[in-house]
Structures are given as structure tokens and as C-alpha cells.
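Each chain, letter by letter, is given below.
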Amino acid sequence: MADNGITATSIASVSEANRSRIMRHLYRNGVCSRAQIAEALGLTPAAITKITARLIETGVIRETGGMEGRKNRRSIGLELNVGSFHVVGVKFARSIVQIGLFDLAGTPLDVRELDKVTEDTIPATLADIHETVGGMLDADPSIVAVGMAVPGPYLKDSGRTAVVSSMQGWKRVNFLDEFSHAFRVPVFVEQDARAGALAQCLFDPVNAGADSLAYYLIGEGVGLGVVERGRIIDGHLGAATELGHVSVDVVNGLPCECGNVGCLERYCSATAIHRMIVEAGDLIDGADRLTHAQACRELFAKAADGDERAAAIVRKAARYIAFGCVTIINMFNPERIVIGDIGAAAGPLLLDVVRETVDRHVLPELNESTVITLSSLPSDAALGGAAAVAIDRFLERPSAFLEPA
């Protein structure tokens, strides 16, 4: 044991923290020299040399060749070897389960959607997940972790969702019991909107530098994930930022399966939009036979082509989405709000209504300092977010995943 109360465990902890800092620096900044990393992180050149040697040995970073250094000296560049390690992401969204293979940069390499889920088919869907992910792991030894994004409110310690509107069968699934030890690699579970927020911070260069970011999920439900100075806000039980069950009409509101009335997701989720499409009658042929996502896509296409009835539904949903933004701004004062998932496909029509409504209902100082955008990620942010959960854990504790190459 070392002197002055410094134990081998604490030394190892500091070393692991520095490995993580180096990997995150390379993740954000791309190719850097050892000298640049040392200066940015406040570590000695000797420490950087020692730590990067270990990371090169495991194959997680690599040398890229000569680059211009300080005072015209040549340096050897280092970069994160994002293509040599893969993760699996699994997105649960009531009636939809998607499974994707991603590299460390969040690039989707393979995306699969399982058969539509109903209350009666949840056990079969779980079996399909085990089989599909197990097969991917057998086929790809470079997979280091599995991330899962599940509907909220997700109770992180008990492994269950407290309520899943329109698909209560998911409440009976304990995700930790079901998957924690199911595969040869570790499995990490996170609420879907928080996973989406991680994806925005990791994979979108525009959002990566934000001190605070809110990812506003408009899918089959409505969710919110907030990242504040690199940390997810999750609350005591994991049910923080549960925006979808904030009531926007406590007097005459629509009843919600959570027991409340007037919950936001009853007015602007893909499920709610689908209901409005069906109630409109002949707006979309066979609308009642479509999935929520299919119905919304057809509605958004009609609205973009100038169909006024379709546009009216989009504008109505957008106004409720906007009131969610008002709540987000007043509660969390984020630098950026990113609207994602199914609802984001409504495009400029939705975003314009959201911005106009927020302009009228938020204090000017707060409004002017908040950027509201649609997600620009190439894959679904909650599916990419499931991968981001795994990638974030990999970057946080690299030694737990790595063996010498």
C-alpha cells in the first residue's frame, strides 16, 4: 500500500479516469498529438505517453502518422479507433422494437425492426430479441456492449417502467432481470429520451458542445432527456424529466392510462396524431390499419404537399409540442432543445409553429438564449441513443471492456 493514505485502488481509479478523459478528448476532437492532449487535459507528457501506450496496446486508439506540432516540430497523431469496436442498440417503443449494430462513432451498420408488438406478443418479442442479439454477438466478436432504450418513466434500480401508455404489458417486464446476464457482453438500460439526449451529445457535432441540451422525444409516447454539463438528469428513482405525463388540461383533459387527465402525450404523440387522423375520416385510406409511424409519415407527406386538412392536424399537434417546449425552457433553461423521433419528420411546418408559439409564451431573455431544432441524426435518435448508452459506458470505464490487442 502506498504512503499518505493513497491506496492501490485510488491510484487505479485515477488512472482509469485519465484513460477515460483521453478517450473522450479524442472522441470529441479527432486526431491529436500527445502534446496537444497533455496541454488540453493538464497532464504531464510522461503520463500521456504511458496511458496512450496502454490504449494503443488494446487497439482502442491508434497512431495516424506525422502531423504539424508546436514550433514546427513533427508529432505523431493519435485517434480513437472507432471502427474496430461495435455496440448493439435496442429500442423499445410500445409496438416497435428496433435492433441496430453501430460503431463507436454512432454509424449504423445494420438496423432491423422486429414484427409489430401487441400485448399478446410481448413474450415472443423478448425471445426474438434474445435470439437476434445473440446471433449478432456470435457473428461479430468486436461487439463490446449492448445498450437498451425503454419507455419512461423507467425506474432504474428496479428495472421496470412505471407506466407505458397504450401497451401496459411492458410494465410486467423487468429489463434488468431479463437482459443483464443474457449475453457475453454487459447490457445497459436507459429511458428512451435520455438515451436520445446522449445520442445528440455524442453523435451530432452541432450539439456536442452544448452545456445543456434537452432532447424532446415525440414518438408513440412523449419523453424528455436533459443533459446538463455532461451529466444526465435522472432523479431519485430514474423518473425525472417525465414530460409526457405533465397535464396540459386538468379540467377537461383526455384521460390517460397513468391515472391523470390531460397528459401532454395524449395530444401530440404519434399515437395521438394517429387518433386524429382516424377521427378525420377519409383523410388517409385505411388509416386504422396503419402503425402509428406509418400513419404519421403519410400525414406529414400530405401536409408537405399542401393538403390543408393534414396541415391542420400537424399544426394542432405542434402547438401542444410547443407548450412542452415552454415547460422545458422554464424548468431547465437549456441551451438547445432538439425535437426528435417520429414527430420530427413533420419538418418545417411543425418547427415553425413550435417557434411561433414559444415566442409568445416564454420570457424574451430565455427565448432568445434557447435554440429549438429538429434532430438531424441519420438514424432514429432513440435507437442511436441505445447505442450511445453503451458507447458512453465504454468511454467512461474503458478498462472494463478492453483486452490487449
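Residues numbered from 1 in each chain as written. Predicted model: local features only at pLDDT ≥ 70, side-chain atom pairs only at ≥ 80, totals over all residues. Heavy atoms only, no water.

- Where an unreviewed UniProt entry is consulted, the protein chain appears under the name ROK family transcriptional regulator, with the organism given as Bifidobacterium miconis.

**A short note on the sheet that holds strand 3 (residues 74-80)**
Then, in step 1: Strand order in this open sheet of 3 strands is 1-3-2, and the pairing throughout is antiparallel. Sheet topology places strand 1 (32-33) and strand 2 (61-68) at the edges, where each strand pairs with a single neighbour.
Then, in step 2: By the bridge criterion, 2 bridges tie strand 1 to strand 3 in an arrangement that is antiparallel. Opposite Ser33, over in strand 3, you have Gly77 as the bridge partner.
Then, in step 3: Each of strand 2 and strand 3 touches helix 3 (residues 45-58); the most contacted strand, strand 2, lies at about 125° to it. (Pairing = 2+ DSSP bridges. Helix = DSSP H or I, 4+ residues; strand = E, 2+ residues; numbered from the N terminus. Contact = heavy atoms within 4.5 Å. Axes fitted to C-alpha atoms, helices over the stretch in contact; angles between N-to-C directions.)

**Focus on the pairing of strand 3**
Then, in step 1: Taken together, the 7 bridges between strand 2 and strand 3 define a ladder with antiparallel strand orientation. Counterpart to Arg62 in the pairing with strand 3 is Glu79.

**Details of the pairing of strand 12 (residues 222-228)**
Then, in step 1: Across the 7 residues of strand 12, 6 count as buried, placing the element largely inside the fold.
Then, in step 2: Bridge analysis of strand 11 (residues 212-218) against strand 12 gives 7 bridges, and the strand direction is antiparallel. Each bridged residue has a counterpart across the sheet, and for Leu213 the counterpart in strand 12 is Val227.
Then, in step 3: The turn linking strand 11 back onto strand 12 is made up of 3 residues. (Buried < 20%, exposed > 50% of the residue type's maximum accessible area, 1.4 Å probe, protein only.)

**Some details on unusual backbone geometry**
Then, in step 1: The residue after Gly152, namely Pro153, is reached through a cis peptide bond having omega 0°.
Then, in step 2: Structurally, Pro153 can be placed in the loop between strand 7 (143-150) and strand 8 (154-155).
Then, in step 3: Look at Arg229: it is not a glycine, yet its phi comes out positive at around 50°.
Then, in step 4: Here Arg229 lies in the loop between strand 12 and strand 13 (231-232).
Then, in step 5: You can call Arg229 exposed: its relative accessible area is 64%.
Then, in step 6: Despite not being glycine, Asn333 has its phi angle at roughly 45°, a positive value.
Then, in step 7: On the secondary structure map, Asn333 appears in the loop between helix 11 (308-332) and strand 14 (336-340).
Then, in step 8: Given a relative accessible area of 40%, Asn333 falls into the partly exposed group.

**Section: the packing of aromatic side chains**
Then, in step 1: Applying the stated rule across the entire model yields 10 aromatic pairs.
Then, in step 2: The interplanar angle of 40° and the centroid separation of 5.5 Å between the aromatic rings of Phe85 and Phe394 together place this pair among those described as tilted. One end of the pair, Phe85, is in the loop between strand 3 and strand 4 (86-93); the other, Phe394, is in helix 14 (residues 381-396), and 309 residues separate them in sequence. Of the two residues, Phe85 and Phe394, neither departs from the other in class, the shared state being buried.
Then, in step 3: On the basis of an interplanar angle of 70° and a centroid distance of 6.5 Å, the ring pair of Tyr154 and Phe175 is categorised as edge-to-face. Taken together, the positions of Tyr154 in strand 8 and Phe175 in helix 5 (residues 175-179) put the pair 21 residues apart, joining distant regions of the chain. For the pair shown, Tyr154 and Phe175 are each scored as buried.
Then, in step 4: Pairwise contacts between aromatic rings join Phe92, Tyr154, Trp170, Phe175, Phe179 and Phe183 into one cluster. (Phe/Tyr/Trp six-rings, centres within 6.5 Å; stacked < 30°, edge-to-face > 60°.)

**Some remarks on the state of the cysteines**
Then, in step 1: Counting across every chain of the model gives 0 disulfides.
Then, in step 2: With no disulfide of its own, Cys296 lies 11 Å from the sulfur of Cys268, the closest cysteine sulfur.
Then, in step 3: What makes Cys296 buried here is its relative accessible area of 0%.
Then, in step 4: Here Cys325 stays unpaired: no disulfide links it, and the sulfur of Cys268, its closest cysteine neighbor, is 9.4 Å away.
Then, in step 5: Taking the relative accessible area as the measure of exposure, Cys325 reaches 0% and is therefore buried. (Disulfide = S-S within 2.5 Å.)

**Regarding the packing of helix 10 (residues 292-304) against helix 11**
Then, in step 1: Direction vectors running N to C along helix 10 and helix 11 enclose 115°, while the axes themselves pass 7 Å from each other. Crossing geometry of helix 10 relative to helix 11 is assigned as left-handed. Seen from helix 10, the contacting residues are Leu299, Phe300, Lys302 and Ala303; seen from helix 11, they are Ala310, Ala311, Ile313 and Val314.
Then, in step 2: Here the contact of helix 10 with helix 11 is built from residues that sort into 7 nonpolar, no polar and 1 charged. (Left-handed = near helix turned anticlockwise from the far one by under 90°. Nonpolar A, V, L, I, M, F, W, Y, C, P; charged D, E, K, R; others polar.)

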